[in-house]
Every structure is written in C-alpha cells, then in structure tokens.
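# Architecture at a glance
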Amino acid sequence: MSSSYSPTAEFTDSTTVLADGDAASATNLNAAPKKALDRAAYLRAATDGLLVWAHKARVATGGTNNGNFAVYVPAIEAVSLLDSTTWKAFSVATETQLTSAAHFGSMTLANDTNYYVYATVSGGVLTFEVSTTAPDAALIWKTGATGTHRYLFCFHTSSAGVPLAMQMSRGRYLYRFSALTTELRALNTSSAVGATDVILARGGVAGRELLPAHARIARLLSEVTAAGNHIDDTVQVNYGMNGDLGTGAAFIHRVYGPSTATNQAVFDCECDSARTIDYSITLSNTDAGNPTTTTNLYVVGFEE
C-alpha cells in the first residue's frame, strides 16, 4: 500500500543505494528516491524568486504615453515563475521595448505616476507587464501576485505621461538631467527659512513624487546662487532627513557672494516614506546689505 511523502528541503552529499543481495523492502527501495525528492525540494526553495540578468534597464528619450514607451527590458537569462500551477524557468535572449498594446493593455500612461515592470508568463511564454501596483516589501513579487509576477524595475512619467529618461543599474537609478531639468525640480525659492519640508516631487507637490514609495535614498542636485556685496556674504543651505535639521545637517551647501556666484553640488540624502526631506536657508549679514539667493533642488536619481 502506497503512502505520501513530504520532502525535507535539504541537500546532503551521501546517498544509499541497493547492492546485490539486499532485501527489496520498501525502506531500501525508497531510500534513494526520498533523497532525490529532498534535493528537489531544496532546489525549489533555493530558486524561489530566482532572477538571473544584468540587473540593468533603461528609458530612452522620444517615448510616448500610448504606444512605444521607450522603456527597455534587457535580456534575461533565467527567471523562475509559476505557469498555471507549475514552476518553470523562463528566459528572453534580447532586449525588449515595452509598448501599451503588448504590456499595458493598450492603455495610456497617466501623468506624474510611478509604474512598475514585472516579468510574467502568458500562453507559456515569458512576457512583461507594466502596472501601478507596487512590489511587496522584499521587492521580489508584485503585491498580491507571489510566484507569477517577478519585480524588475520601475519608472516615472512626466507631466505629459511620458516615461522619464533614465538608466537603472543594480537598483541605482539616474535620470537624464540634461533632457529633463524642469521635470526634475523639487524646489525653487529665494527665501531664507528655518527647517522646512520639501517633497521630492515635481514642484515639491504631493502626487508628483519622483521616487517610488519604497525608495529611501535620494540622489539630489543642489543649485545655489548667491548675490552679495562682499566676500564674507554667504548663502548657506542645509539639507537633512525629515525632522533631523535641529540636530545636524546631512549636507551643507554654502556659497559666497562677492558679486554673483552659482554653485552646484550632488549628494545623497535619506528620505522618509512620504519622500520628504528638510531644508533650511540662511543669508549672512556680516557687512552692509544682505546677500540674496536663488536655490533650486533637483531629484537626479535614487536607490532601491
């Protein structure tokens, strides 16, 4: 009479096999198959969420919000996915350009929106899906679609719904600043202020966030112009984690203004779940007349 066997997910080096003269009992006959089933269970557990690729993706200029997005998924050597109820390994040999018809249900991308790209299976073939549904906390599966939708990367759309040009390499995203300056600006001010929130979003407006919800490290470009009368007139801009500026700044950008001077600096800063940081601006007055400033802050990238 047969019985069920629940494999143990383990891989041991030794295996017992039958020799001439051994009894053909169930215990002896099942020893090797059980070992093989245990090893198969180990491999299944070890390949859960397996993704073998260059961990790179890109968005080119010239895309549209409906049609060819100019969003490209590189070749994938292997990804482990459920095809119906069966786990299989899938691959794609060449780079794939995403389109609304093939990967987004012929729909139009929304303005100022974060989108997520997933590897999935359709008709037994590896394909890709563009979705507004974020991945799970581990950044492995689409939320609510464990096993069927493997998370790859994300992209953001412009105020016209066009994907913003960028490069992604191993979870580090870099927007093409030369083509997207106004789309990436989160702050434009000339005021001296104490610790103040700024959302890392287009125009600093909620709902236009340039980082996905799971990002906590932002790459920022601070551009400060100081106009003053003497060498010791300065503009100082402090940046830091939301709520931290009372104890210290993560980055200080100081510009002297003997006449008019503009300086740029790129730095990384931690943000909170609302993709918000703090900034403050101090204008010195050590000589006659205050300096003036124009301070811009741009989101040039982020890390997952």
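See the structure above.
Computed from a predicted structure; not experimentally measured.

## Regarding the sheet that holds strand β15 (residues 234-241)
- The strand order β13-β18-β15-β16 describes an open sheet built from four strands, whose pairing is antiparallel. Two strands bound the open sheet, and with one partner strand each, they are β13 (193-199) and β16 (251-256). The sheet shows a mean angle of 20° between the axes of neighbouring strands, direction not considered.

## Remarks on the sheet that holds strand β5 (residues 86-92)
- Overall, antiparallel pairing links the three strands, which are arranged β1-β4-β5 in an open sheet. Since the sheet does not close on itself, it has two edges, and those belong to β1 (51-53) and β5, each with one partner. On average, adjacent strands in this sheet sit at an angle of 25° to one another, irrespective of strand direction.
- Across six bridges, the pairing between strand β4 (residues 76-83) and β5 is antiparallel. Note on β5: the bridge partner recorded for Leu-82 is Trp-87.

## Quick look at the packing of aromatic side chains
- Under the definition given, this model contains 13 aromatic pairs.
- Taken together, a centroid distance of 5.8 Å and an interplanar angle of 65° make the contact between Phe-11 and Tyr-42 edge-to-face. In this pair, Phe-11 is assigned in the segment before α1 (26-46) and Tyr-42 in helix α1, connecting sequence segments 31 residues apart.
- With relative accessibility at 44%, the residue Phe-11 sits in the partly exposed group.
- Relative to Phe-155, the ring of Tyr-115 lies with its centre 5.6 Å away and its plane at 20°, an arrangement referred to as stacked.

Conventions used here
Residues numbered from 1 in each chain as written. Predicted model: local features only at pLDDT ≥ 70, side-chain atom pairs only at ≥ 80, totals over all residues. Heavy atoms only, no water. Pairing = 2+ DSSP bridges. Helix = DSSP H or I, 4+ residues; strand = E, 2+ residues; numbered from the N terminus. Axes fitted to C-alpha atoms, helices over the stretch in contact; angles between N-to-C directions. Phe/Tyr/Trp six-rings, centres within 6.5 Å; stacked < 30°, edge-to-face > 60°. Buried < 20%, exposed > 50% of the residue type's maximum accessible area, 1.4 Å probe, protein only.

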